[in-house]
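Coordinates in review
Take a look at the letters that make up each chain.
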Amino acid sequence: MKTLLVLVALFASTTAFAAPPAGSRAAHQAARIRQGVAAGELTRAETVRLAVEQGRVRALAKRTKADGVVTRKEARRLDNARDAASAHIFVAKHNARSK
């Protein structure tokens, strides 16, 4: 059990909080997640789920920019994914569950 917790913590720390550019939307969302953890507003499971989602958004951004051209459709899809991630952070921080 301890091994699983250590692996989850390691995964969460390397994926969700892997130094996004300062001032970026990703940096703001990572800061919101860290603040939620520090304040006890997020459970361990919620934190892991949000970290995985941040990784997926980052992967989508990387794929979107891979060919050097971001179409309107791709930009809209990426923006929608970022909006959804932001909404998920809000819901997780404001639900009745706490650490």
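Every chain is numbered independently, its residues counted from 1 as its sequence is written. Two thresholds apply to this predicted model, a pLDDT of at least 70 for residue-level local features and 80 or more for giving and counting side-chain atom pairs, whereas whole-chain, interface and lining totals are computed over all residues. Values shown for side chains rest on all heavy atoms present in the structure; no hydrogens or waters enter the calculation.

**Concerning the pattern of salt bridges**
We apply this condition: For salt bridges, the criterion is a side-chain nitrogen of Lys or Arg within 4 Å of an Asp or Glu carboxyl oxygen. Starting at the N terminus, helices and strands are each numbered in turn, a helix being any DSSP run of H or I of at least four residues and a strand any DSSP run of E of at least two. Exposure classes here rest on a 1.4 Å probe applied to the protein chains alone. A residue is buried below 20% of its type maximum, exposed above 50%, and partly exposed in between.
If you walk through the whole model with that rule in mind, you get four salt bridges. Here D83 and R25 are joined by a salt bridge, their closest N and O atoms 2.2 Å apart. Pair noted here: D83 is in helix α4 (residues 72–94) and R25 is in helix α2 (residues 25–38), with a separation of 58 residues, a long-range link. Take D83: its relative accessible area is 37%, and that puts it in the partly exposed class. Accessibility expressed as a relative area gives 32% for R25, which makes it partly exposed. The residue E41 makes a salt bridge to K93 at a minimum N-O spacing of 3.8 Å. Placement of E41 in the loop between α2 and α3 (44–65) and of K93 in helix α4 is noted, with a sequence separation of 52 residues between them. The partly exposed category is assigned to E41, whose relative accessible area is 27%. Residues joined by salt bridges that share partners form a network here, namely R25, D79 and D83.

**A short note on the packing of α3 against α4**
In plain terms, the rule: Only C-alpha atoms enter the line fits that serve as axes; for helices the fit covers just the stretch in contact. Angles between N-to-C directions range over 0 to 180 degrees. Throughout this description, any angle smaller than 35 degrees is read as roughly parallel, any larger than 145 degrees as roughly antiparallel, any in the 65 to 115 degree range as roughly perpendicular, and the remainder as oblique. Pairs of residues are marked as contacts when any of their non-hydrogen atoms sit within 4.5 Å. For this classification, Asp, Glu, Lys and Arg are treated as charged, while Ala, Val, Leu, Ile, Met, Phe, Trp, Tyr, Cys and Pro are nonpolar and the rest, including Gly, are polar.
The geometry of α3 relative to α4 is characterised by a closest axis approach of 10 Å and an angle of 170 degrees between their N-to-C directions. The pairing of α3 with α4 is recorded here as roughly antiparallel in orientation. Contacts from E46, L50, E53, Q54, V57, L60, A61, T64 and K65 of α3 reach α4 at E74, R77, L78, A81, R82, A84, A85, H88, I89 and A92. Of the residues belonging to the contact of α3 with α4, the class tally is 10 nonpolar, three polar and six charged.

The quantities given are spatial measurements derived from coordinates; they are silent on function.
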